[in-house]
Amino acid sequence: MSSKVFLDMCTIGQLYPHELMGQETNNSAPKLVRGLGLLDATMIVVGSMIGSGIFIVSAESSRLVGAPGWLLVAWALAGVLTITGALCCAELAAMWPRAGGQYVFLREAFGPSIGFLFGWALFLVIQTGTIAAVAVAFANFSGVLTDSISAEKYLIHPLVILQPYKLGSLSFNGYALSLSTQQLVAVVMILLLTLTNTRGLKTGKLIQNTFTFTKTAALLGVVIVGLTLGWNHQSAAYTSSWWNPSANGWHPASSQLGFEATTEGLIATALVMLLGLAMVGPLFAQSAWNNVTFTAGEVRDPGRNLPRALLLGCFLVVGLYLLANLAYIVTLPLPAIQNAPQNRVATATMQAILGSRGTVVMALAIMVSTFGCNNGLILAGARVYYAMARDGLFFKRVASVNSRHVPAVALITQGVWAALLTLPRTFTVDPQNGTATYANVYTQLLEYIVSADLVFYALMVGAVIVMRRKAPEIERPYRTFGYPLVPLIYIVLAGIFIIDLAYLRPSTSGIGYLLVFTGIPVYLIWRRRAATP
C-alpha cells in the first residue's frame with residue numbers, strides 16, 4: 001500500500017468515522033446486504049425512470065416548439081444527456097459501490113459540503129417532491145375508475161395559511177392546507193410502499209421487478225398500438241410541417257422570451273431558446289436513473305453490475321420514450337397533442353385508437369407505472385439519508401439498519417416528509433370573480449429545483465474528470481466510454497440548458513438555488529455536532 005493511499009484512508013476515517021465504524025468495527029450490528037443482482041439493479045433504473053411523465057409532458061413540449069420534428073429533438077437531446085450522464089456515472093458507481101451513490105461521488109470529488117447540499121436538496125424536495133408528485137398522479141388516474149377519488153372531494157377543506165400577495169409589480173401565490181380523497185390515496189400509497197420496503201430488500205425488489213416488467217410492457221404496448229393501429233394520414237406526421245413551426249401557426253410570445261420575435265433570425269433564436277425549455281418535461285421524465293447508485297451498497301458484484309444496469313436501463317427507456325412520442329405523432333393531429341385534456345397525450349392516443357376503452361386502459365397502465373416508479377424512488381432515496389447520517393450529517397437514528405437489513409428509519413423519515421408534501425396547496429384568486437384556484441405545492445417546488453438538480457448532475461459528471469486527476473491510482477472496474485469527449489458533451493449541454501432556464505425562468509431558477517442554499521446553515525450545524533466528542 002502506497003503512503004498516499006494510506007494517508008487518504010486515514011483522512012477518510014477522520015472525516016467519516018461513522019461509515020468506517022459501521023462497516024468494520026461494529027460487526028454485531030445489522031448491515032446492508034448485497035442482495036441485488038443485475039436484473040434487480042436494471043429494474044431499479046427502468047422503474048425509477050418510467051413514471052407518469054412520458055404520458056403527459058409531450059403536450060407542453062409540443063406547445064413550446066410547435067412542430068413534431070422539434071418535439072422529437074427535445075426528447076432526443078434529453079436522451080443524449082441521460083445516456084452521456086449514465087456513461088460517466090457508471091465509472092463512479094463502479095469505483096465507489098457504497099450506499100448513497102451520487103452523494104458519495106460528490107463528497108469524494110468536491111468535499112463533504114457539496115455532497116451534503118445534494119443530499120439536503122434530495123430530501124427537501126427532489127426525491128420527496130417527486131415521490132409526492134408520482135403518488136398524486138397515481139391517485140389522479142385512479143379517479144378515472146371511480147369518481148369518489150377526486151381533488152375536489154375534500155375530507156378537510158382548504159385552510160388558508162397565507163393569502164396571495166404582491167411585492168411591487170410581482171405577484172405571489174397564497175398557500176393553504178387540505179385533504180381531498182385524491183390526496184388521501186396519495187398519502188396511503190406513499191406510506192404503504194414505505195412500510196413494505198422496511199420489511200426487507202427481497203420484498204422491495206419483488207415489488208420493483210413485478211411492476212417494472214408490467215409497466216414496461218404497457219409502455220411497449222402503447223408504442224406498438226400507436227405505430228400499427230394508430231397510424232393515419234390525419235396525424236401530425238402528415239398534416240403538420242415537421243421543422244417549420246410557423247407553418248403550424250406557432251409564434252413565440254414575447255412574455256415567454258423577453259423580446260418580440262419579429263425577424264427570421266429572432267424567430268430562429270426564439271425556437272432554440274424554447275427548445276431548451278421544452279426539454280424540462282423530457283428531462284424530468286428521464287430523471288432518477290441515478291437512483292440505482294443510491295443502492296450500490298446492496299448490489300452484488302457492483303464493479304460489473306452497476307455499469308451494466310445503468311447503461312441497459314437508460315438505453316431501454318430513452319429508446320421507448322422516443323418511440324412513444326413517434327406513436328403520438330403518427331396517431332394524433334398536432335393540435336390534439338398540444339391540447340390534450342389535462343395534458344394526457346397517451347390517453348388521447350389510446351382513446352383515438354380504442355375509443356372509450358382506451359381511457360380505462362391508459363388509466364390502469366399509468367397506475368401500474370406510477371406505483372412501480374414510486375417503489376423504486378422510495379427504496380433508493382432512503383439510502384442517501386442513511387449514508388449522510390453515517391457521516392454525522394443527518395439525524396443520528398437514520399444511520400441505523402433494522403433486523404431485516406434495510407435502513408427503516410431513513411425510509412420512514414422520507415415517507416413521512418413525502419406524504420406531508422402532498423398536503424399543502426398553492427392558490428390564486430381571480431380578481432374578476434373572486435374564484436380561488438388550487439394547485440399542488442410540490443409541482444411548484446419541482447419546477448424550482450430542476451436547474452439546481454441539473455447542476456448536481458453536471459457536478460457528478462465533472463467528478464469523473466476531477467477524480468481522474470485527483471486519484472488516478474484508484475481501481476476503476478469500468479472506465480467511461482469516449483472519455484473525455486462524453487463528459488464534456490454532457491457538461492456543455494447541461495450548461496447551455498441551465499443558462500437558458502436562468503434567462504427564461506429567472507425567478508423559478510433563483511428560488512431553486514435558494515432552496516439548495518438553505519442547506520448551508522444546516523450543514524454547519526450538523527458538521528459541528530459530528531465534530532463534538
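Up top is the structure these notes are about.
Just so you know, these numbers come straight off a predicted model, no measurement behind them. Just so you know, the residues in each chain are numbered from 1, in the order the chain's sequence is written. The predicted nature of this model means local features are confined to residues of pLDDT at least 70 and side-chain atom pairs, given and counted, to a pLDDT of 80 or more, with totals for whole chains, interfaces and linings taken over all residues. With hydrogens and water set aside, each side-chain value is computed from the structure's full complement of heavy atoms.

Colleague: Explain the sheet that holds strand 4 (residues 174-180) to me, and be specific about the residues and the numbers.
Modeller: With antiparallel pairing, the four strands of this open sheet are ordered in space as 1-4-5-6. Each edge of the open sheet carries a strand with a single partner, namely strand 1 (154-162) and strand 6 (436-440). Put simply, the sheet's adjacent strands are angled 35 degrees from each other on average, direction ignored. Each pair of strands is called paired provided DSSP finds at least two bridges between the two strands. Working definition: helices are DSSP H or I runs of at least four residues, strands are E runs of at least two. Numbering for both runs from the N terminus. Sheet topology places strand 5 (residues 424-429) next to strand 6; five bridges connect them, and they run antiparallel. Within strand 6, the position partnered with R425 by the bridge is N440. A fitted line through C-alpha atoms represents every axis, and for helices the fit uses only the stretch in contact; the resulting angles, taken between N-to-C directions, go from 0 to 180 degrees.

Colleague: If you had to explain the packing of aromatic side chains to someone new, which residues and values would you point to?
Modeller: Within a pair of aromatic rings, the relevant descriptors are the distance that separates the centres and the angle that separates the planes. Think of it this way: a Phe, Tyr or Trp ring, Trp meaning its six-membered ring, pairs with another when their centres are within 6.5 Å, and the plane angle makes it stacked under 30 degrees, edge-to-face over 60, tilted otherwise. Tallied over the full model, the rule gives 18 aromatic pairs. An aromatic cluster is present here, built from F116, W120, F123, Y385, F394, F395, W417, Y523 and W526 joined pairwise through their rings. The criterion for a charge sitting over a ring is simple: Lys NZ or Arg CZ within 6 Å of the ring centre, and within 35 degrees of the ring normal. It is R344 that lies over the ring of F141; its NZ or CZ is 4.6 Å from the centre.

Colleague: Hey, could you go over the pattern of salt bridges for me, with residue numbers and the actual values?
Modeller: What makes a salt bridge here is a side-chain nitrogen of Lys or Arg within 4 Å of a carboxyl oxygen of Asp or Glu, nothing more. With the rule as written, the count across this model stands at eight salt bridges. Beyond isolated ion pairs, a larger network of salt bridges with shared partners links R98, R107, E108 and D391.

Colleague: Give me the environment of P252: which residues, what numbers.
Modeller: Tracing the chain through its elements places P252 in the loop between helix 11 (236-239) and helix 12 (254-257). Sequence separation between P252 and I337 is 85 residues; the distance between their C-alpha atoms is 18 Å. Here, two residues are considered to be in contact whenever any of their heavy atoms come within 4.5 Å of each other. When residues no more than four places from it in sequence are discounted, the contact partners of P252 are L257, A261, A270 and L274.

Colleague: Could you give me a rundown of the packing of helix 3 (residues 38-49) against helix 10 (residues 201-228), with the residues and numbers involved?
Modeller: It is the contact of helix 3 with helix 10, at a shortest axis distance of 9 Å, that shows an interaxial angle of 55 degrees. Considered as vectors, helix 3 and helix 10 are oriented oblique to each other. Remark: the crossing between helix 3 and helix 10 carries left-handed chirality. Note on element contacts: helix 10 touches helix 3 through K205, Q208, N209, T212, F213, K215 and T216, opposite L39, D40, M43, I44, V46, G47 and S48. Geometric relationships in this document are graded by angle, where less than 35 degrees denotes roughly parallel, more than 145 denotes roughly antiparallel, 65 to 115 denotes roughly perpendicular, and other angles denote oblique. Rotating anticlockwise by less than a right angle from the far helix to the near helix defines a left-handed crossing, while the corresponding clockwise rotation defines a right-handed one.

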